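# Summary of the model geometry
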Amino acid sequence: MSGTSVLCQSHLLSLPNSPLQSSELNAKFNEQGWLSLLKRCKSMEEFKKVHAHILKLGLFYDSFCGSNLVASCALSRWGSMEYACSIFRQIEEPGSFEYNTMIRGNVNSMDLEEALLLYVEMLERGIEPDNFTYPFVLKACSLLVALKEGVQIHAHVFNAGLEVDVFVQNGLISMYGKCGAIEHAGVVFEQMDEKSVASWSSIIGAHASVEMWHECLMLLGDMSREGRHRAEESILVSALSACTHLGSPNLGRCIHGILLRNISELNVVVKTSLIDMYVKCGSLEKGLCVFQNMAHKNRYSYTVMIAGLAIHGRGREALRVFSDMLEEGLTPDDVVYVGVLSACSHAGLVKEGFQCFNRMQFEHMIKPTIQHYGCMVDLMGRAGMLKEAYDLIKSMPIKPNDVVWRSLLSACKVHHNLEIGEIAADNIFKLNKHNPGDYLVLANMYARAQKWANVARIRTEMVEKNLVQTPGFSLVEANRNVYKFVSQDKSQPQCETIYDMIQQMEWQLKFEGYTPDMSQVLLDVDEDEKRQRLKHHSQKLAIAFALIQTSEGSPVRISRNLRMCNDCHTYTKFISVIYEREITVRDSNRFHHFKDGTCSCKDYW
């Protein structure tokens, strides 16, 4: 019977011709009858038949009946907002329930402007909004990033005396957060007399939307200490995002444990968030374990796993995962191919990269975007094919942006090609004159070529344009805290101990055959000054601190905001074998896993 239309399951819908019988049927077809049929509808076809019989029996103009028709059509998974609107417009005097239903339905179907227009119409007709109106109106503002309108609606909330309603307050927090007005979201949250778990979810989500990751975790701690609510799935997903961006795998594992204890079956979105957290925090194997144990994977799961393998330099594994995705019948999109091409680039798979680029266009009919061309330029540039990369840029059917030219400039720096590097820099400066990193890369190339006059010219130009590069720094986790180091750092309380450790490390390194790469100090100073500057790079200070603070043999994890220099790369390989530590460094481009004197990148970077 379950596959049979609800209309065939009731004798009430077999309409007789006799007026008397029709009158009797009208009485039988009472409120409970048609309401029950509405609830049992599984498609628009069934709904329209119920609607037709209600019209024939003259029941539509009962306000309760019309309201439920609108609600069923507008809010059901199988419903139609267009059809719901046609019913709504036939109601002579719609009230707040009908308007709320239509506003909610339009927000659910992402017709956000129509939702706001209905709210305005509601006000113009003198119908007073209630605490069911504002959460969805505010949601429309948040999705439209319409802060001005959101502030106006906040004023309406005050006028309606609903500023202390918890559902409205949660909507305000979320709206302000999505619109970037995090201070206002905080004010609303702090003024709440009673905070529900949804309130905590809203404020944590608000901070996540403006990438205030540390604050997300602080708020989660506050909620846990309050002890009144158990963190729900949405809160834990926001916390996972915070761990991902802060590079905190230990806390991420704790959140994974909480999820497993409190949720019987993790859905695809949560599992994908876990994969993303693990791979971006350096725990690739744990990410792979979650991925391989997923009973159901979607395209986004594959995209995250492929991108994760790419930044860890596991290009061939990324291609195998991509092949599995295709065998499963999932169609790749342009985002998946960005990950695939990036994987080829990081692993030096030039031939495979060109094959994938062609397959994308001619088999899957995906038109290359600027990101795909950027990956191909990066692929060729890393492989030293600088002229070929330059020729590709010139032949692109779309105008290259500064990111594409920056990839070429970076490759020119690595392969010491000043001629093409100057061309790349000139094109970058035509598109974006305000990125200090571009000037510094060019200045460093001139310094390597000992063209000091050009170095001075570039640095003078930076001063005139008031361009200041963010200093390079390294973050390291120890004793459940994250510590930040900059080059030549003497601000740490344990500074003297750290510098003594650097001296010990230098002594050990000499016996292993390490020689400082003076070419990495691109300043016109003497050899002793170069040696001193080189030995106190932020990454080396972070490693020294970690060796002091962590137990013997435990892994060391470091995050950098800039690309690792060649000397730090060599230095860290030696340290990994001398102190028998596995050292993971995530720089601005990728992960490097140092173990037993080798690096996972195989020195291809």
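Residues numbered from 1 in each chain as written. Predicted model: local features only at pLDDT ≥ 70, side-chain atom pairs only at ≥ 80, totals over all residues. Heavy atoms only, no water.

As annotated in an unreviewed UniProt entry, the protein chain carries the name DYW domain-containing protein and comes from Glycine max.

Our next topic: the pattern of salt bridges. Considering all chains together, one arrives at 19 salt bridges under this definition. Where R314 meets E317, a salt bridge forms, and the shortest distance between an N and an O atom there is 2.4 Å. Its salt-bridge partner being K573, residue D603 comes within 3.1 Å of it at the nearest N-O pair. Pair noted here: D603 is in the segment after β6 (598–599) and K573 is in helix α31 (residues 566–578), with a separation of 30 residues, a long-range link. Judged by relative accessible area, which is 44%, D603 ranks as partly exposed. Assessed through its relative accessible area of 16%, K573 is described here as buried. Here the residues in one salt-bridge network are E285, R314 and E317, joined through shared partners. (Salt bridge = Lys/Arg side-chain N within 4 Å of Asp/Glu carboxyl O. Helix = DSSP H or I, 4+ residues; strand = E, 2+ residues; numbered from the N terminus. Buried < 20%, exposed > 50% of the residue type's maximum accessible area, 1.4 Å probe, protein only.)

Below, the discussion takes up the pairing of strand β2 (residues 481–486). For strand β1 (residues 473–478) and β2, the ladder comprises six bridges, and the chain directions are antiparallel. Along β2, the bridge assignment pairs E477 with V482. What sits between β1 and β2 in their antiparallel hairpin is a turn of two residues, with N479 showing a positive phi close to 55 degrees. (Pairing = 2+ DSSP bridges.)

Our next topic: the UniProt feature "repeat: PPR" (unreviewed entry) in the protein chain. UniProt marks residues 95–129, 165–199 and 298–332 with the feature "repeat: PPR" (unreviewed entry), using the numbering shown here. Between the C-alpha atoms that bound residues 95–129 there is a distance of 9 Å. The span itself is 74% helix and 0% strand. Taken end to end, residues 165–199 is 71% helix and 0% strand, and its first and last C-alpha atoms sit 11 Å apart. (UniProt positions renumbered as here; feature names shortened; annotations may be inferred.)

The next subject is the side chain of S283. Structurally, the position occupied by S283 is in the loop between α16 (268–280) and α17 (284–292). The contact partners of S283, leaving out residues within four places of it in the chain, are P249, R253, Y278 and R557. (Contact = heavy atoms within 4.5 Å.)

One pass over the full model with this rule turns up zero disulfides. In this structure C375 is a free cysteine whose sulfur lies 9.4 Å from that of C344, the closest cysteine sulfur available. C599 takes part in no disulfide bond, and the closest cysteine sulfur to it belongs to C601, at a distance of 3.5 Å. With a relative accessible area of 7%, C599 lands in the buried category. (Disulfide = S-S within 2.5 Å.)

The next subject is the nonpolar core. One broad trend across soluble globular proteins is that nonpolar side chains are buried collectively. Formed by 146 residues in total, the largest nonpolar core has its most connected members in F47, L259, L274, M305 and L408. If near-sequence neighbours (up to four positions away) are discounted, L259 is found in contact with L236, L240, L266, V270 and L274. In terms of nonpolar packing, the next biggest core, distinct from the first, is built from 33 residues, A478, I502, C568 and Y571 among them. (Core = buried A, V, L, I, M, F, W, Y, C linked by side-chain atoms within 4.5 Å.)

With that settled, the discussion passes to the packing of aromatic side chains. Centre distance and the angle of the planes are the two values used to describe a pair of aromatic rings. As enumerated under the stated definition, the model contains 15 aromatic pairs in all. With centroids separated by 6.0 Å and ring planes inclined at 80 degrees, the aromatic side chains of F47 and Y83 adopt a geometry described as edge-to-face. Pair noted here: F47 is in helix α3 (residues 44–56) and Y83 is in helix α5 (residues 81–88), with a separation of 36 residues, a long-range link. Judged by its relative accessible area of 22%, Y83 falls in the partly exposed class. (Phe/Tyr/Trp six-rings, centres within 6.5 Å; stacked < 30°, edge-to-face > 60°.)

What follows concerns the environment of C601. By the secondary structure assignment, C601 is in the segment after β6. When the C-alpha positions of C601 and R253 are compared, they lie 26 Å apart, and in sequence the two are 348 residues distant. Excluding residues within four positions of it along the chain, C601 makes contact with H569, R590 and H592.

We now examine the packing of helix α13 (residues 213–226) against helix α14 (residues 233–246). Two elements in contact, α13 and α14, have axes separated by 8 Å at closest approach and are oriented at 140 degrees. By the angle between their directions, the pair α13 and α14 is classed as oblique. When the axes of α13 and α14 are compared, the crossing they make is left-handed. In this structure, α13 contributes W213, H214, C216, L217, L220 and M223 to the contact, and α14 contributes I235, S238, A239, S241, A242, C243, H245 and L246. Among the residues forming the contact of α13 with α14, the class breakdown is ten nonpolar, four polar and no charged. (Axes fitted to C-alpha atoms, helices over the stretch in contact; angles between N-to-C directions. Parallel < 35°, antiparallel > 145°, perpendicular 65-115°, else oblique. Left-handed = near helix turned anticlockwise from the far one by under 90°. Nonpolar A, V, L, I, M, F, W, Y, C, P; charged D, E, K, R; others polar.)

To continue, consider the layout of surface pockets. In this structure, the second largest pocket occupies an estimated 930 Å³ of space. S248, N250, L251, E477 and R480 are, among the 35 residues lining the second largest pocket, the residues nearest its centre. Going through the elements one at a time, α13, α14, α15 (249–262), β1, β2 and β3 (556–560) are the ones with two or more residues in the lining of the second largest pocket. Top element by residues in the lining of the second largest pocket is α13. It accounts for eight residues. (1 Å grid on protein atoms, 1.4 Å probe; cavity = no way out; pocket = protein on both sides within 12 Å on 5 of 7 lines; lining within 4 Å. Points joined across faces, edges and corners; volume = space filled by probe spheres on them.)

Moving on, we get to the packing of helix α30 (residues 538–549) against α31. Running from amino to carboxyl end, α30 crosses α31 at an angle of 20 degrees, the nearest separation of the two axes being 10 Å. One element, α30, and the other, α31, form an angle in the roughly parallel class. Crossing of α30 over α31 shows right-handed handedness. Mapping the contact onto sequence places Q539, K540, I543 and L547 in α30 and D567, C568, Y571, T572 and I575 in α31. Residues of the contact of α30 with α31, tallied by class, amount to five nonpolar, two polar and two charged.

Here we take up the confidence of the model for the protein chain. For the protein chain, per-residue confidence averages 88 on the pLDDT scale, and 91% of positions sit at 70 or higher. Averaged pLDDT values for the elements of the protein chain fall to 41 in helix α1 (residues 19–28) and rise to 97 in helix α23 (residues 386–395). (pLDDT = per-residue confidence, 0-100.)

Summed over all chains, the structure comprises one cavity of 30 Å³ or more. Looking at the largest cavity, its volume works out to about 140 Å³. Around the largest cavity sit 15 residues that line it, and G247, L475, R557, I558 and S559 are the ones nearest its centre. Put simply, the parts of the chain that give the lining of the largest cavity at least two residues each are β1, β3 and β4 (583–586).

With that settled, the discussion passes to unusual backbone geometry. The phi torsion of most residues other than glycine is negative, and most of the peptide bonds are trans. With a phi close to 60 degrees, Q450 is a non-glycine residue in the positive phi region. Along the chain, the position of Q450 falls in the loop between α26 (436–448) and α27 (452–464). Judged by its relative accessible area of 59%, Q450 falls in the exposed class. The phi dihedral of E580 falls on the positive side, at around 50 degrees, and the residue is not glycine. Its relative accessible area of 64% is what places E580 among the exposed residues.

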